[in-house]
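Residue strings, one per chain:
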Amino acid sequence: MTSAQVDNGQGGRQATEVTDAGPAGEGYQRALGARQIQMIAIGGAIGTGLFLGAGKAIAKAGPSLVLAYAVAGLVIFFIMRALGELLMYRPVSGSFSEYAREFIGPFAGFVTGWTYWLFWVVTGITEVTAAAQYMTFWFSIPQWVSALIFTIILYGVNLISVKLFGELEFWFSMVKVTAIIGMILICAGILTLGFSDAGDTASVTHLWSDGGFFPHGIKGTLMTLQIVMFAFLAVELVGVTAGESKDPKTVLPKAINAVPWRIAVFYVGALVMILSVVPWTEFEPGIPPFVAAFSKMGLGIGAGIVNFVVLTAALSSCNSGMYSTGRMLRDLALSGQGPKFFTRLTRSGTPLVGTTFSAALMLVGVWVNYQWPGDAFTYVVSFATISGMWAWIMILISQIRYRRLADSGALPQSTFRAPGAPYSSVFALAFIAVVVVMMGIDKDTRISLYCAPLWAALLGISYAVLKARNPENKAFAKN
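Residues numbered from 1 in each chain as written. Predicted model: local features only at pLDDT ≥ 70, side-chain atom pairs only at ≥ 80, totals over all residues. Heavy atoms only, no water.

A.B. asks: Looking at this model, I keep getting lost on the pattern of salt bridges. Mind explaining?
C.D. replies: Tallied over the full model, the rule gives seven salt bridges. One salt bridge in this structure joins Lys60 and Asp442, with 2.9 Å as the shortest N-O distance. Of the two residues, Lys60 sits in helix H2 (residues 48-61) while Asp442 sits in the loop between helix H18 (423-441) and helix H19 (446-469), which places them 382 residues apart along the sequence. Residue Lys60 is classed as partly exposed on the basis of its relative accessible area, which comes to 23%. Ionic pairing is found between Glu102 and Arg90, a salt bridge with its closest N-O pair at 2.9 Å. Within this pair, whereas Glu102 is found in helix H4 (residues 96-103), its partner Arg90 is found in the loop between helix H3 (65-89) and H4, the two being separated by 12 residues in sequence. (Salt bridge = Lys/Arg side-chain N within 4 Å of Asp/Glu carboxyl O. Helix = DSSP H or I, 4+ residues; strand = E, 2+ residues; numbered from the N terminus. Buried < 20%, exposed > 50% of the residue type's maximum accessible area, 1.4 Å probe, protein only.)

In structure tokens:
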């Protein structure tokens, strides 16, 4: 695909040729095929939030959680279509960081790149720690040993080749997909054939008969929005793969257009089936809904199955973190907003220094987590949620500004226009704003809003220092 930014006196943009290999000097290999991109997109839409966090959300909202996931899923679709429009205009590995830099300003690109990098480093720390904890279900080995082994293996996979990363992510996603489809089919069999211990009481009437569809009122449903949106974090990862997709113009639109039915099946469909078999009143916070459902059905192997699924989900997230962090650091370095040594690639085209640096921080974070599981580390982990949504905000604002320029003729039109834009993007931004307000109201998530200004101040100071040291660097000049 070839596109060009043109300067016609309106947008003030410099001409930048983009070819199938990405911007000049990007240097990545397009090794991710359609099969891998599709599963990466599916895996990004199915997080550990569904397997673990949904139990707490069900206790707060009851059956209305299904509606919360449906509406949030629509918002995620708007976000992904906005990202898709930008990707077809210019498919680059830096993705939304690059778009924020182009359409909002160099500081926005700087903040987005470093914030998304931090999001994945923190997520990688928490996920590899969780994976180590899941291993204790079967083996009596120190958690730090498992965490170390997992980190080294995933680090090696990400350095060997992007194709191997994609293949591993394919199978991680396949486990999650198989588990959910299997649960849906089992629940459907119970509802229609009445087998298992839950057969006598299973009924779709559980969706409205046990206190109503909104047992805790609309407020109870709204208070789950942050949990719901957190479950979708990483769905935007498919955008980071743009610079290494074999045929981004064909593959990425297909992956993005499949988001609605994935959410409809894997979230809405799975919850409808589970809540029909097991009344929502029997779910407890902290207990994965899949485990509770298997227990109610009298299937003793359920705990082991779910433990294996959440283990692969955690490793999948850590694997994605390794992939994303190295590329974000390299994009920042290529733009002049990060140390130049992060630009180094291996012979197979993977960012060596950026991935190594991020993996080392993950190992340090794992050690810190074991030594001080609460206190300061909790503040950092809670911040990961708000930093993840920052990428979505940048995607939406960038798309709105891009569409304005494209419609005026200042930039070429994308071949994959977001439906309903810019109104759909404005609606998504408003929805995210509601989620942030709910986070401020909920004492369990409020801490993340306290951390955000501190991180913003650190980035602001760092940006000012870099700009002062490199006043002629075009990376700090306004578009």
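A.B. asks: For this particular structure, what's the right way to read unusual backbone geometry?
C.D. replies: Trans peptide bonds make up the majority, and among non-glycine residues the majority have a negative phi. Each neighbour pair has its own omega, and for Ala421 with Pro422 the value is 5°, a cis peptide bond. Topologically, Pro422 is positioned in the loop between helix H17 (375-407) and H18. In this structure, Ala234 is a non-glycine residue whose phi angle is positive, near 95°. With respect to the element layout, Ala234 can be found in the loop between helix H10 (225-231) and helix H11 (237-240). Look at Ala234 and you get buried, because its relative accessible area is 11%.

A.B. asks: Is there a simple way to explain the packing of aromatic side chains in this structure?
C.D. replies: Any pair of aromatic rings gets described here by the distance separating the centres and the angle formed by the planes. Within the structure shown, the criterion is met by 24 aromatic pairs. Sitting above the plane of the Phe416 ring, Arg81 keeps its charged end 3.9 Å from the centroid. (Phe/Tyr/Trp six-rings, centres within 6.5 Å; stacked < 30°, edge-to-face > 60°. Lys NZ or Arg CZ within 6 Å of the ring centre and 35° of its normal.)

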